[in-house]
Each structure stands twice: as structure tokens, then as C-alpha cells.
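Residues per chain are reported as follows:
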Amino acid sequence: MKAYAMTDRGRKRQMNQDAVYYSVFPVGNIPNLFVVADGMGGHQAGDFASKFTIDHLVRLVEEAEGSNPITILNDSIRQVNSLLLKKASEEEELFGMGTTLVAACVLGTVLCVANVGDSRLYILRDGILRQITRDHSLVEELIERGELERGSEAYHEHKNIITRAIGASRTVFADFFEVNLEQEDLVIMCSDGLSNMVSDERIAQIAAGRDDLPAVCEDLIDEANSNGGKDNIAVVVFRPSADEVKEW
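Residues numbered from 1 in each chain as written. Predicted model: local features only at pLDDT ≥ 70, side-chain atom pairs only at ≥ 80, totals over all residues. Heavy atoms only, no water.

1. Here we look at the overall build of the protein chain
Here is step 1 of the chain: Assigned secondary structure in the protein chain consists of seven helices and 11 strands.
Here is step 2 of the chain: When burial is assessed residue by residue, the protein chain has 52% of its 248 residues classed as buried.
Here is step 3 of the chain: Expressed as a percentage of contacts within the protein chain between residues at least 6 apart in sequence, the contacts between residues at least 24 apart total 68%.
Here is step 4 of the chain: Surface accessibility of the protein chain: about 11,600 Å² in total, with carbon and sulfur atoms responsible for 45%. (Helix = DSSP H or I, 4+ residues; strand = E, 2+ residues; numbered from the N terminus. Buried < 20%, exposed > 50% of the residue type's maximum accessible area, 1.4 Å probe, protein only. Contact = heavy atoms within 4.5 Å. Areas by Shrake-Rupley, 256 points an atom, 1.4 Å probe, with all protein chains shown as cover.)

2. So, the side chain of Asp47
Here is step 1 of the chain: Inspection of the secondary structure assignment puts Asp47 in helix α1 (residues 45-63).
Here is step 2 of the chain: A relative accessible area of 18% places Asp47 in the buried class.
Here is step 3 of the chain: Apart from the residues lying within four places of it in its own chain, the contact partners of Asp47 are Met15, Asn16 and Gln17.

3. So, the pairing of strand β5 (residues 101-107)
Here is step 1 of the chain: Taking burial as the measure, the seven residues of β5 include seven buried ones, the bulk of the element.
Here is step 2 of the chain: The two faces of β5 match: Leu101, Ala103, Cys105 and Leu107 on one face and Val102, Ala104 and Val106 on the other face are all buried.
Here is step 3 of the chain: Looking at chain direction, β5 and strand β6 (residues 110-116) are connected through seven bridges and run antiparallel. Bridge assignment links Val106 to a residue of β6, and that residue is Leu111.
Here is step 4 of the chain: Between β5 and β6, which follow one another and run antiparallel, lie two residues, and Gly108 among them has a positive phi close to 65 degrees. (Pairing = 2+ DSSP bridges.)

4. Section: the layout of surface pockets
Here is step 1 of the chain: If you add up the space inside the largest pocket, you get close to 260 Å³.
Here is step 2 of the chain: Lining the largest pocket are 13 residues, and of these Asp38, Gly39, Met40, Asp192 and Asp231 lie nearest its centre.
Here is step 3 of the chain: Each residue belonging to the lining of the largest pocket can be placed in one class, and the counts come to three nonpolar, five polar and five charged. (1 Å grid on protein atoms, 1.4 Å probe; cavity = no way out; pocket = protein on both sides within 12 Å on 5 of 7 lines; lining within 4 Å. Points joined across faces, edges and corners; volume = space filled by probe spheres on them. Nonpolar A, V, L, I, M, F, W, Y, C, P; charged D, E, K, R; others polar.)

5. A word on the side chain of Arg120
Here is step 1 of the chain: Here Arg120 is to be found in strand β7 (residues 120-125).
Here is step 2 of the chain: In this structure the side chain of Arg120 is engaged in a polar contact, spanning 2.7 Å, whose partner is the side chain of Asp135.
Here is step 3 of the chain: Not counting chain neighbours up to four residues away, the residues in contact with Arg120 comprise Val102, Gln131, Thr133, Asp135, Ile188, Met189, Cys190, Ser195 and Asp200. (Polar contact = N/O pair within 3.5 Å; in protein donor to acceptor, adjacent residues only side chain to side chain.)

6. Observations regarding the packing of helix α6 (residues 200-207) against helix α7 (residues 213-226)
Here is step 1 of the chain: In contact at an axis separation of 9 Å, α6 and α7 are set at 145 degrees when each is read in the N-to-C sense. Between α6 and α7 the crossing geometry is right-handed. Where α6 approaches α7, its residues Arg202, Ile203, Ile206 and Ala207 are matched on the opposing element by Val216, Asp219, Leu220 and Glu223.
Here is step 2 of the chain: The class makeup of the residues in the contact of α6 with α7 is five nonpolar, no polar and three charged. (Axes fitted to C-alpha atoms, helices over the stretch in contact; angles between N-to-C directions. Left-handed = near helix turned anticlockwise from the far one by under 90°.)

7. So, the packing of α1 against helix α2 (residues 69-90)
Here is step 1 of the chain: Two elements in contact, α1 and α2, have axes whose closest approach is 9 Å; the angle formed by their N-to-C orientations is 135 degrees. In terms of axis orientation, α1 runs oblique to α2. Note that α1 runs across α2; the crossing there is right-handed. Across the interface between the two elements, Phe48, Ala49, Phe52, Thr53, His56, Leu57, Arg59, Leu60 and Val61 of α1 pack against Ile72, Leu73, Ser76, Ile77, Gln79, Val80, Leu83, Leu84 and Lys87 of α2. (Parallel < 35°, antiparallel > 145°, perpendicular 65-115°, else oblique.)

Next up, the structure:
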């Protein structure tokens with residue numbers, strides 16, 4: 001399995017509130033782990049939220065008992081949500097902080113994904129990029145109800161309003177997805193600093209057929225910055241080729 005990750009402040013923000021983590025080796029009872037978090041909050045609160053969430057999520061996964069990765073991720077996400085809320089209540093400058101979270105692990109030839117917020121996970125297969133996660137955002141809810149047209153002026157105006165986040169309320173519900181992987185699949189995880197600035201078609205063009213994953217990350221970030229770099233950018237890419245993945 002090959003993997004790489006990068007973050008970038010972008011061209012407009014004074015601080016980088018995105019954070020990433022990846023390990024192709026076991027983390028506790030999970031055989032590998034990949035995470036993207038996009039923090040939110042004034043001053044340094046968003047920066048703190050994303051890093052705190054990833055650090056504590058990894059620790060909770062390491063300490064978790066049992067062998068079901070979905071249960072481990074779900075329990076760890078709920079616990080880290082409580083920890084982030086507690087921390088926010090203890091320090092005034094951290095009040096109101098939160099973060100998106102998308103996490104994944106590979107079990108044999110199955111990709112397991114957990115998602116809270118609008119950071120995304122895609123699979124690039126045969127040159128076609130497919131979004132696996134579903135954004136927890138106001139516009140996606142309105143589209144689902146038939147009250148908004150994708151790409152409309154109202155869509156772009158409200159695109160950044162998310163409806164779920166770690167630290168937003170006492171209870172948090174992650175969506176879970178399972179995908180059967182194929183030999184040449186490339187998994188791309190990112191914050192909205194990439195997905196809002198670079199089209200799915202362009203992401204596919206940049207990443208398709210390339211084995212140099214650091215260069216893929218760099219080129220995706222460069223493209224987002226060339227298009228304005230209006231937000232922080234986080235990218236994790238990994239290629240879980242079937243003959244390189246341990247069976248679970």
C-alpha cells in the first residue's frame with residue numbers, strides 16, 4: 001500500500017486549520033488509518049479543533065478493544081466529540097470550535113469510511129472520480145428535498161454551511177460507507193479547500209494513471225491555489241492495490 005498526505009494554508013487564509021493523518025501500518029486493532037479534519041472557529045480555535053480531534057481519535061483507536069473497525073471508529077468519533085466539547089467549555093477562546101472529519105481504513109479489499117461534515121473521500125477508477133461520502137451541508141439537504149438546484153447562485157452562496165461537525169453538539173452521528181476495491185483504485189480524501197476550488201473532472205485528470213503520490217498531492221494543491229486558494233487545503237491519497245493489502 002502506498003500513501004501520502006499534504007496540507008497547505010492556501011492564498012487567502014492567515015492560518016492553516018486543516019489537519020491530516022495516515023498510517024499504512026496497524027493502529028490498534030485497525031490495520032491502517034487515514035484521516036482528514038477541517039477545523040472551524042475564531043482565532044486559533046479551528047486549528048486547535050482539527051489537530052485535537054485527530055490526535056485523540058488516533059489515541060482512542062489505539063486503545064480500543066474488539067476487532068470490528070466500524071465499531072471502533074464509531075465509538076472513537078463519539079468519544080472525541082465529547083472530549084472536544086469539554087475542552088471548549090474549559091477555555092473561553094476555544095468556545096464554538098468544531099471540525100469536519102473523514103476517516104478510512106482498508107480491510108482486505110474493502111474500504112471502510114466514516115464521515116462527519118463536508119470533507120470528502122473519492123475513489124478514482126478507470127479515470128473516473130466517484131464521491132463516496134455525502135456532504136453534511138445545507139445545500140445538499142435542500143437539493144435532496146428538491147428545493148435547490150446544484151450550481152445555482154443560491155447553491156454557491158450557501159455551500160459552506162455544514163449541518164454536522166465534531167464539537168457542534170453533545171451527540172454526533174457519522175455516516176459509514178463500505179466499498180469493494182479494485183486493483184488500480186486510487187483513494188483521494190480532501191477538505192473543501194480542494195473540492196470547492198477544483199472540479200471533480202480536473203481532480204481526475206491530475207491524478208489518473210500516476211504512481212508518484214507526493215507529486216499528485218502537490219499538483220492538486222497547486223491547482224487549488226491557481227484557482228484562487230480561498231481556503232486551507234488538505235489532501236490524503238493512497239493506493240491500496242489488492243496484492244499489497246493484508247487480508248483482514
